[in-house]
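Breakdown of the fold
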Amino acid sequence: MEPRKNPYAPGAGTPPPELAGRGELIERAAIALDRIRERRSARSFVFYGLRGVGKTVLINKVRQDAEARAFTCVWIEAPEDRSLPALLAPPLRAALLKLSTGEAMRAGLKKALVALASFVGAMKVKYKDIEVALDYKPQKGLADSGDLETDLADLLTNIGEAALERGTAIVLFIDELQYVKEDELAALITALHRASQNQLPVTMVAAGLPQLVGQTGRAKSYAERLFEFVRVDSLDDKAGRDALCVPAEREGAKYEERAVSEILRQTKGYPYFLQEWGKHSWNIADASPIELKDAESASVAALAELDNSFFRVRFDRLTPAEKRYMRAMAELGQGPHRSGDIAHILGKSVTSVAPMRNTLISKGMIYSPSHGDTAFTVPLFDGFMKRIMPKLETGKGKMGAE
């Protein structure tokens, strides 16, 4: 097969050649945004799911469609070590300046820029990582109390009024929202709630790991009424087949049915893995149709590449003790697993390993699907842990992977 024509696109947030199985979610989000711009009731969207299900691709698609319909979009990717004010200030400034293009600045827009200046000035006292140029001088009494919850609500209110003045809506697109600290997340929820109460065209489309649902609920009890939480999961059989086969068909190639079934079995329908297996199947096959033997060889190649990149970068962030905890989880299988069972394998009490479990949750490596349960946030990670750590050091000695 000609590698230059390989249609597959594995990568972090890289749009796949065929965005299969997500049309309904994209349309639901589009309807919500249109309603909010028209000052009709609609909730902010929060997409949540495991790594590799395509959350970033999904919100990027919603953002691109919104920009094409003249929404003012603010894109933010939340890292683990930045404050929310530092993340918000630069793109909000850029969005406000974009609103001023092409005509004389109106009163509402000028006030929003002044509110931003006041907000930044007040927040810099506590949050030292804020770096943004200011276009106006702060105004005393406007978003400058120094309390994040109060000031962010004032800021988004003024931004919403500026958007209303221009007949548009401001949409915050925030990826990896689970990394925002809980008190800062509470302030963001409060600000969006205020905007919603005042029917202002300000909303959010966010994405994050499964623990985000619980985080928002702990931050503000009314979050479940303010947000529409949408689980993004692996693709069903039809969508998985489309994601794999349609790109090849556009290049004049086909798969044998046994090859398709094998790839769907190995990838479990996760979009990122389908791209990896598709890429390697194409490169390995001599000609169309791609056969079962090509798919089987692709599994070896894909897992080797994942082990050296997708899985490895996450593994390398762990301490030796955290690696042992994750390896103990893998010993039990894919999961979810009871926390007590994991502790038992490690030869420790549940309370003694609880801090480590909490750290792994904060790092985005595991989550708790229900009270007392623990699961990997990365699909197929149990197999990787067994490959990279064949022997598990426990309080009972060494245990080997089967």
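Here's a quick rundown of the structure. Every chain begins its residue count from 1, and numbering advances along the sequence as written. Predicted model: local features are reported for residues with pLDDT of at least 70 only, side-chain atom pairs are reported and counted for 80 or more only, and whole-chain, interface and lining totals are derived from all residues. Working from all heavy atoms in the structure, the side-chain values ignore hydrogens and water.

**Side note on the overall build of the protein**
Think of it this way: any DSSP run of H or I at least four residues long counts as a helix, any run of E at least two long counts as a strand, and we number them from the N terminus. Looking only at helices and strands, one finds 17 helices and 10 strands in the protein. By the compact-globule yardstick of 21 Å for 402 residues, the protein fits well, its C-alpha radius of gyration being 24 Å. Taken over the C-alpha atoms alone, the protein extends approximately 65 × 55 × 35 Å along its principal axes. In the protein, 74% of the contacts between residues at least 6 apart in sequence involve partners at least 24 apart. Accessible surface is estimated by sampling points in the Shrake-Rupley manner with a 1.4 Å probe; for residues, cover comes only from the protein chains shown. When the accessible surface of the protein is summed, it comes to about 17700 Å², and 48% of that surface belongs to carbon and sulfur atoms. Each radius of gyration is computed over the set of C-alpha atoms, and the globule rule expresses the reference value as 2.2 Å times the number of residues to the power 0.38. By the convention used here, residues are in contact when the closest approach between their heavy atoms is within 4.5 Å.

**A word on the pattern of salt bridges**
Two side chains with opposite charge may pair up if their charged atoms get near one another. A pairing counts as a salt bridge when a side-chain nitrogen of Lys or Arg comes within 4 Å of a carboxyl oxygen of Asp or Glu. The final tally for this structure, using the stated rule, is 29 salt bridges. In this structure, the salt-bridge partner of glutamate 331 is arginine 327, at a minimum N-O distance of 2.5 Å. Here the residue glutamate 331 and the residue arginine 327 both occupy positions in helix H14 (residues 320-332), the gap between them amounting to four residues, near one helical turn. Think of it in three bands: residues with accessible area under 20% of the maximum for their type are buried, residues over 50% are exposed, and the middle band is partly exposed, with areas taken using a 1.4 Å probe on protein chains only. By relative accessible area, which is 0% here, arginine 327 ends up buried.

**Things to note about the sheet that holds strand S7 (residues 366-367)**
Across the sheet, three strands lie side by side as S6-S8-S7; this open sheet has antiparallel pairing. The sheet is open, and its two borders are formed by strand S6 (337-338) and S7, each paired with just one other strand. We treat two strands as partners when DSSP finds at least two bridges between them. When S7 meets strand S8 (residues 373-376), the two strands line up antiparallel, connected through two bridges. Within the sheet, the bridge partner assigned to isoleucine 366 lies in S8 and is phenylalanine 376.

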